[in-house]
Amino acid sequence: MSDHYEFKMGMYLGELQQPFEQSLATARDLGAHYVWCGTHSNNRSLYELADPEIDQAAEQVAEHGLELFLLDGAGLFKTVHLAELEPGKMLEHAQFKEHFTKLERAMEVSARLGIGAVGCSSFAWPAEYTGGKPTWPMRWATRGGIISDGDMEKLVEAFSMFADLAEKYDVDIAFLMMQWNYGNTSRNFRRIVEAVGSRRFKALWCPADNYNCGEVDNATAGFENLRPYLHGVHAKDLRTINGATLEFEYTPIGEGHVDYPTILRNLRDNRCDVVLSIATHFLPASGSRLEAMQTNYANIRRLIGELA
């Protein structure tokens, strides 16, 4: 069965830092079929453009033989600190309300364009962006962090609001598994989404961030935790130098600590219908972001070719 499995190759266009149409040409030339982008132009997300501009961008994607597999929210709720939110009063929090309004607009655009999912993040840990990441040592020591009952109640309330929107627009929400947010590991992600129980919740799996949170078994147990929810894989690599002090470095895929051979084998053997979306985050000696993407594409293809 696995002999006939084909990986659905994708790309995060933002890594290239090229003009939108040029990035589409790069993705096509490197062999991607699926793309997503954080911002489109002038630091505006695709959903923040006027409808004619959105339609033009969608046409450009199609003209390059590509497909948007995710309408990225460009960091929605990534920097919203859960500790600042009050139960029952979340829409009274200015930043939350702003992001919630943007999330609804992203869903509206996604539904109109026929894109199956929007991207979203899962709230910042206490003082993550304002006080030097004070909970990081605890999160590393506990392989992702302990979510208190009070925080879980707030997460469920907020995620339930997201789920209602997703049902309204008939789109899924793919949560980016960032190490700075509550849904940072497979275990925390499962705990949150199972508490809500929405069929609309998916994961844009980032094994590198999982690993850097201490979930060193992300390629095996992490995969099994996420398998029912997978929308795609945000593929990059890193090396954790000192986890307790958040010392790490990004590397080309295959040169860091992420077990990509096992991840790729699991995707293939379980015939997962997900997009393998290549990212970079590292820079080669030349400083070329294009070279970084070329390197990661070559490395992932080599690893796929070496699968037993």
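Here the structure is shown first, and the text comes after it.
About the criteria used
Position numbers for residues start from 1 in each chain and track the written sequence from start to end. Totals for whole chains, interfaces and linings use all residues, but because this is a predicted model, local features are given only for residues with pLDDT of at least 70 and pairs of side-chain atoms are given and counted only at 80 or more. The basis for every side-chain value is the complete set of heavy atoms in the structure, and neither hydrogens nor water enter the calculation. One side-chain nitrogen of Lys or Arg within 4 Å of one carboxyl oxygen of Asp or Glu is enough to make a salt bridge. Secondary structure elements follow DSSP: runs of H or I of four or more residues count as helices, runs of E of two or more count as strands, with numbering from the N terminus. For two strands to pair, DSSP has to find at least two bridges joining them. Three labels apply to residues, based on accessible area from a 1.4 Å probe with only protein chains included: buried if under 20% of the type maximum, exposed if over 50%, partly exposed otherwise in between. Residues belong to a common nonpolar core when they are buried Ala, Val, Leu, Ile, Met, Phe, Trp, Tyr or Cys residues joined through side-chain atoms within 4.5 Å.

S.K.: Tell me what's going on with the pattern of salt bridges, and back it up with residues and numbers.
M.R.: Under the definition given, this model contains 27 salt bridges. Here Glu104 and Lys168 are joined by a salt bridge, their closest N and O atoms 3.0 Å apart. Pair noted here: Glu104 is in helix α3 (residues 94-113) and Lys168 is in helix α5 (residues 149-169), with a separation of 64 residues, a long-range link. Shared partners join several salt bridges into a network, and the residues in it are Asp51, Asp55, Arg105, Glu108 and Arg112.

S.K.: How would you sum up the sheet that holds strand β5 (residues 172-176)? Please name residues and give values.
M.R.: If you walk across this open sheet you meet the 8 strands as β3-β2-β1-β10-β7-β6-β5-β4, and the pairing is parallel. Only two strands of the sheet have a single neighbouring strand rather than two, namely β3 (67-68) and β4 (117-120). In this structure, strand β2 (residues 34-36) lies alongside β3, joined through 2 bridges in parallel fashion. Paired with Val35 across the two strands is Leu68, which belongs to β3.

S.K.: So what's going on with helix α9 (residues 260-269)? Which residues, and what values?
M.R.: For α9, the buried fraction is high: 7 of the 10 residues fall into the buried class. Tyr260, Thr262, Ile263, Leu264, Asn266, Leu267 and Arg268 are the residues of α9 that are buried. Looking one or two places after α9, you find Arg271, whose phi comes out positive at around 50°.

S.K.: I'd like a description of the nonpolar core, backed by residues and values.
M.R.: By size, the foremost hydrophobic cluster in this structure holds 85 residues, and its most contacted members are Phe77, Phe96, Phe123, Phe162 and Leu267. Broken down by element, this core gets its largest block of residues, 10 residues, from α5. Residues Tyr12, Trp36, Met178 and Trp180 belong to the second largest nonpolar core, which totals 14 residues.

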